[in-house]
Amino acid sequence: MKDLLEQGAERYEAHQARLAQTASASGDRSASYGRIHAAGTLDTTHGRILYLEDVSVSFDGFRAINQLNLDIGVGELRCIIGPNGAGKTTMMDIITGKTRPDTGRVFFGSTIDLLQHKESEIANMGIGRKFQKPTVFEMLTVSENLALAAKGPKSPWAAVTHRLTPALQERLDAQLDTIHLQNHRHRLAGELSHGQKQWLEIGMLLMQEPSLLLLDEPVAGMTDHETERTAELLLTLKGKHSLMVVEHDMGFVKAIADVVTVLAEGRVLAQGSLDEVQANEQVIEVYLGR
Ligand code: ADP
Ligand code: MG
């Protein structure tokens, strides 16, 4: 319990710091097109939420990311595919500040240089990341997990003792709907199926209202039915959030993606519709390992 309280307290402090920081800025956090922005606030006036330019990183002489160029549009749902070891997870590590590239530029909107920020700052600026393994609090209920994940001026105690503000309760209800867990709100997260835990974790990320969501293999280990529901869920998020989804399941990718980027050997090998990239000779070669 101490851990949870500490985490809540930290989140609250971060929120207060953010309020102080943005009080003098011209746009609010969700400001998008056509606003004037102060340095350090998200500016997507040019329609792009994420830019990677000429990014490289080596581990013990091995170039995991090799002069990678990639950008994501505001509200876009981009799928990233590629063989194992292509650098997909490493790319997410770089965007979220977990790994520092050796060279290159990484920008969130056109003004925020992500390479100047720590992992925790990047998360607070609105980049949410879901790792492959679900990391929900198993001993708390679904609702408590969501309440705890919510940012905003609430005490951590309120989150775990059901004393929620009406505004938070409303957001929580909406979130339960989105993640298909309306009828499971009082269950312990530990009792949920693998797929339901993944949805809960996505819901927890959404409670923080991220502008950009990074999902690493979200449907791995899910049943076909869960995979379909996840596709529906991500399609409802498109437009409201920008999403980057790494996935191997081509049926799933086909269901959700407009644009697919194929990564191989740390760089973009092909980009286009799923049909286009699947017909690409070079893509066929890397997948067949020739
Ligand atoms: P993908 O997610 O596309 O399967 P990864 O990004 O996990 O690929 O890995 C790309 C390559 O970089 C792999 O060869 C992997 O072994 C290597 N790699 C990734 N992270 C590290 C690290 N922290 N230290 C050493 N090697 C790493
Ligand atoms: Mg990976």
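As the structure is a prediction and not an experimental result, all values here were calculated from the model.

Analysis parameters
Residues numbered from 1 in each chain as written. Chains lettered and ligands numbered in written order. Predicted model: local features only at pLDDT ≥ 70, side-chain atom pairs only at ≥ 80, totals over all residues. Helix = DSSP H or I, 4+ residues; strand = E, 2+ residues; numbered from the N terminus. Buried ≥ 20, exposed ≤ 12 C-beta atoms within 10 Å, placed from the backbone. Contact = placed C-beta atoms within 7 Å. Core = buried A, V, L, I, M, F, W, Y, C linked by C-beta atoms within 7 Å. Expected span 1.5 Å × (residues − 1). Pairing = 2+ DSSP bridges. Right-handed = clockwise from strand over helix to strand, strands pointing away. Near = placed C-beta within 6 Å. Nonpolar A, V, L, I, M, F, W, Y, C, P; charged D, E, K, R; others polar. Axes fitted to C-alpha atoms, helices over the stretch in contact; angles between N-to-C directions.

Caption draft 1: Spotlight on the overall build of the chain. Regarding its fold elements, the chain presents eleven helices and ten strands. Within the chain, the fraction of its 290 residues that count as buried is 39%. Put simply, of all contacts in the chain between residues at least 6 apart along the chain, 64% involve residues at least 24 apart.

Caption draft 2: Region of interest: the nonpolar core. Ile95, Leu200 and Val245 are the most contacted members of the largest nonpolar core, which totals 70 residues. Apart from the residues within four sequence positions on either side, Leu200 is in contact with Val136, Val142, Asn145, Ile179, Leu181, Ala189 and Leu192.

Caption draft 3: Spatial organisation of helix H7 (residues 194-207). Taking 1.5 Å per residue, 14 residues should reach 20 Å; H7 reaches 20 Å between its end C-alpha atoms and fits that length. Summarising burial for H7: 13 of the 14 residues are buried, a large majority. Backbone geometry just after H7 places Glu209 at a positive phi near 50°.

Caption draft 4: Region of interest: the sheet that holds strand E4 (residues 103-108). Spatially, E2-E1-E4-E5 is the arrangement adopted by the four strands of the open sheet, whose pairing is antiparallel. Each edge of the sheet is formed by a strand with only one pairing partner; in this case those strands are strand E2 (62-73) and strand E5 (112-113). Examined bridge by bridge, strand E1 (residues 48-59) and E2 share eight bridges and lie antiparallel to one another. The partner of Leu52 across the bridge, within E2, is Leu70.

Caption draft 5: Region of interest: the pairing of strand E8 (residues 242-246). Where burial is concerned, most of E8 is hidden: five out of the five residues are buried. Residues Ser242, Met244 and Val246 of E8 are buried on one face, and the alternating residues Leu243 and Val245, pointing to the opposite face, are buried as well. Two elements, strand E3 (residues 77-81) and E8, share four bridges in a ladder whose sense is parallel. Residue pairing across strands places Ile80 opposite Val246, the latter belonging to E8. Handedness of the crossover joining strand E7 (residues 212-216) and E8 through helix H8 (residues 224-237): right-handed.

Caption draft 6: Structural detail: the site of ligand 1. Taken together, the residues surrounding ligand 1 are Phe59, Ala64, Gly82, Asn84, Gly85, Ala86, Gly87, Lys88, Thr89 and Thr90. Of the residues assigned to the shell around ligand 1, the class counts are three nonpolar, six polar and one charged.

Caption draft 7: Seen up close, the sheet that holds strand E6 (residues 127-130). Pairing within the open sheet is mixed, and its six strands lie in the order E6-E7-E8-E3-E9-E10. The open sheet has two edge strands, E6 and strand E10 (267-272), and neither has a second partner. Ignoring which end each strand starts from, the neighbouring axes of this sheet average 20° apart. Strands in contact with helix H2 (residues 88-95) are E3, E6, E7, E8 and strand E9 (259-264); relative to E7, the strand with the most contacts, it is inclined by about 150°. Helix H11 (residues 281-288) contacts E9 and E10 of the sheet and is inclined by roughly 125° relative to E10.

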